[in-house]
Amino acid sequence: MPLKVADHPLITHKLTIIRDKDTSVKKFREIVEEITLLLTYEATRDLPLSDALIETPLCPMTGRVVKERFVITPILRAGLGMLHGMMSIFPVAKVSHIGLERDEETALPRTYYYKSPPDLAGSHVIIIDPMLATGGSLSAAVDLIKRGQPSTIKCICLLAAPEGRDRMNRDHPDVDVYVGALDERLNEKAYIVPGLGDAGDRMYGTL
Ligand code: PRP
Ligand code: URA
């Protein structure tokens, strides 16, 4: 089951703030970062650890550290709003950028940019995008990333619709998607309901 709904009181509380149409751009950005941190915690529970010999002030010990390579992959534009939070947790991670934009009439995604480190093989890729609506954008992003044959791919989204969940189940049953909440449905324009509106517009004040 690739869709993992966090269903956590702090996440639910913070989602309510960004769902509110009267929340300012500044507050929206801050809360998106905070929710991203909480979802990253959920998404990284199963990371492999390696031994590391250290000395505490009292004695030598074998500590456990994360040595894996990470590639954080925001889907432009709105995914960029989640990047800063991720980089605070993964300060030496590389970053792939995927530019995808939905056609306003058809809701189909168009890829306009893709720049990735050349060596995805052996790394853990985390794709970030606030909204999983029809699932077309996230599915296309995973298609692109899979070409680089990374060790693992995970996705983090703030909100999902059942249609996006079903699309990811169908196209990429091997990829886990961590979301803050699963909403009711899509409307006739393929927006998530109740949702939070257009994530990119709210993040960058382009309403
Ligand atoms: C939004 C969102 C996702 C996509 C989700 O981006 O950030 O990338 O829509 O919709 P889907 O699941 O139906 O594909 P948008 O295309 O509006 O671009 P933007 O981030 O530049 O505003
Ligand atoms: N993209 C958004 O930004 N919001 C939605 O509800 C659907 C797609």
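Read on for a plain summary of the structure.

About the cut-offs
Residues numbered from 1 in each chain as written. Chains lettered and ligands numbered in written order. Predicted model: local features only at pLDDT ≥ 70, side-chain atom pairs only at ≥ 80, totals over all residues. Heavy atoms only, no water. Near = heavy atom within 4 Å. Polar contact = N/O pair within 3.5 Å; in protein donor to acceptor, adjacent residues only side chain to side chain. Areas by Shrake-Rupley, 256 points an atom, 1.4 Å probe, with all protein chains shown as cover. Helix = DSSP H or I, 4+ residues; strand = E, 2+ residues; numbered from the N terminus. Nonpolar A, V, L, I, M, F, W, Y, C, P; charged D, E, K, R; others polar. Axes fitted to C-alpha atoms, helices over the stretch in contact; angles between N-to-C directions. Parallel < 35°, antiparallel > 145°, perpendicular 65-115°, else oblique. Left-handed = near helix turned anticlockwise from the far one by under 90°. Contact = heavy atoms within 4.5 Å. Phe/Tyr/Trp six-rings, centres within 6.5 Å; stacked < 30°, edge-to-face > 60°. Buried < 20%, exposed > 50% of the residue type's maximum accessible area, 1.4 Å probe, protein only. Lys NZ or Arg CZ within 6 Å of the ring centre and 35° of its normal. Salt bridge = Lys/Arg side-chain N within 4 Å of Asp/Glu carboxyl O. Pairing = 2+ DSSP bridges.

1. Considerations on the site of ligand 1
Around ligand 1 sit 17 residues in total, of which Arg102, Asp129, Thr134, Gly135 and Ser137 are the nearest. Within the side chain of threonine 134, a nitrogen or oxygen atom sits 2.6 Å from an oxygen atom of ligand 1. Serine 137 has a polar side-chain atom sitting 2.6 Å from an oxygen atom of ligand 1. Relative to its free-state accessible area of 500 Å², ligand 1 is covered by the protein chains to the extent of 93%. When residues of the shell around ligand 1 are traced back to their parent elements, those giving at least two are β4 (70–76), β6 (97–102), β9 (131–132) and α4 (136–146).

2. A closer look at the site of ligand 2
The full set of residues close to ligand 2 is Arg102, Met131, Ala133, Ala190, Tyr191, Ile192, Gly197, Asp198 and Ala199. One of the backbone nitrogen or oxygen atoms of alanine 199 is found 2.8 Å away from an oxygen atom of ligand 2. Protein chains shield 89% of the accessible area of ligand 2, which is 230 Å² for the free molecule. Of the residues assigned to the shell around ligand 2, the class counts are six nonpolar, one polar and two charged.

3. A closer look at the packing of α4 against helix α5 (residues 162–171)
It is at 9 Å that the axes of α4 and α5 come closest, and there the two elements cross at 25 degrees. Between α4 and α5, the angle falls in the class roughly parallel. Considering how the two elements wind past one another, α4 and α5 form a crossing that is right-handed. Along the contact surface, α4 presents Gly136, Leu138, Ser139 and Val142, while α5 presents Arg167, Met168 and Asp171. Within the contact of α4 with α5, the residues separate by chemical class into three nonpolar, two polar and two charged.

4. Considerations on the packing of aromatic side chains
Evaluated as defined, the whole model comprises one aromatic pair. With centroids separated by 4.4 Å and ring planes inclined at 40 degrees, the aromatic side chains of phenylalanine 70 and phenylalanine 90 adopt a geometry described as tilted. Linking phenylalanine 70 in strand β4 with phenylalanine 90 in the loop between α3 (83–89) and β5 (94–95), this pair joins segments that are 20 residues apart in sequence. The class for phenylalanine 70 is buried, based on a relative accessible area of 9%. Here the basic side chain of arginine 102 rests over the ring of tyrosine 191, its NZ or CZ set 5.4 Å away from the ring centre.

5. Here's the deal with the pattern of salt bridges
Pairs can form between side chains of opposite charge once their charged atoms are near each other. Enumeration over the complete set of coordinates arrives at 14 salt bridges. The shortest N-O distance in the salt bridge between arginine 64 and aspartate 51 comes to 2.7 Å. Of this pair, arginine 64 sits in strand β3 (residues 60–65) while aspartate 51 is found in strand β2 (residues 50–55), placing the two residues 13 residues apart along the sequence. The structure contains a network of salt bridges with shared partners spanning Arg69, Lys94 and Asp119.

6. Digging into the pairing of strand β7 (residues 109–115)
Pairing of β6 with β7 involves six bridges; the strand directions are antiparallel. Pairing of glycine 99 across the sheet is with tyrosine 113, part of β7. Counting the residues in the hairpin turn of β6 and β7 gives six residues, including alanine 107, whose phi is positive at 65 degrees.

7. Examining the packing of helix α1 (residues 9–19) against helix α2 (residues 25–43)
Relative orientation and spacing of two packed helices are given, respectively, by the angle between their axes and the distance between those axes. Packing of α1 against α2 leaves a shortest axis separation of 9 Å and a crossing angle of 155 degrees. With respect to their mutual orientation, α1 and α2 come out roughly antiparallel. As for the relative orientation of α1 and α2, their crossing is left-handed in sense. Counted together, Leu10, Ile11, Lys14, Leu15, Ile17 and Ile18 of α1 and Lys27, Phe28, Ile31, Val32, Glu34, Ile35, Leu38 and Leu39 of α2 form the full contact between these two elements. The residue inventory of the contact of α1 with α2, partitioned by class, reads 11 nonpolar, no polar and three charged.

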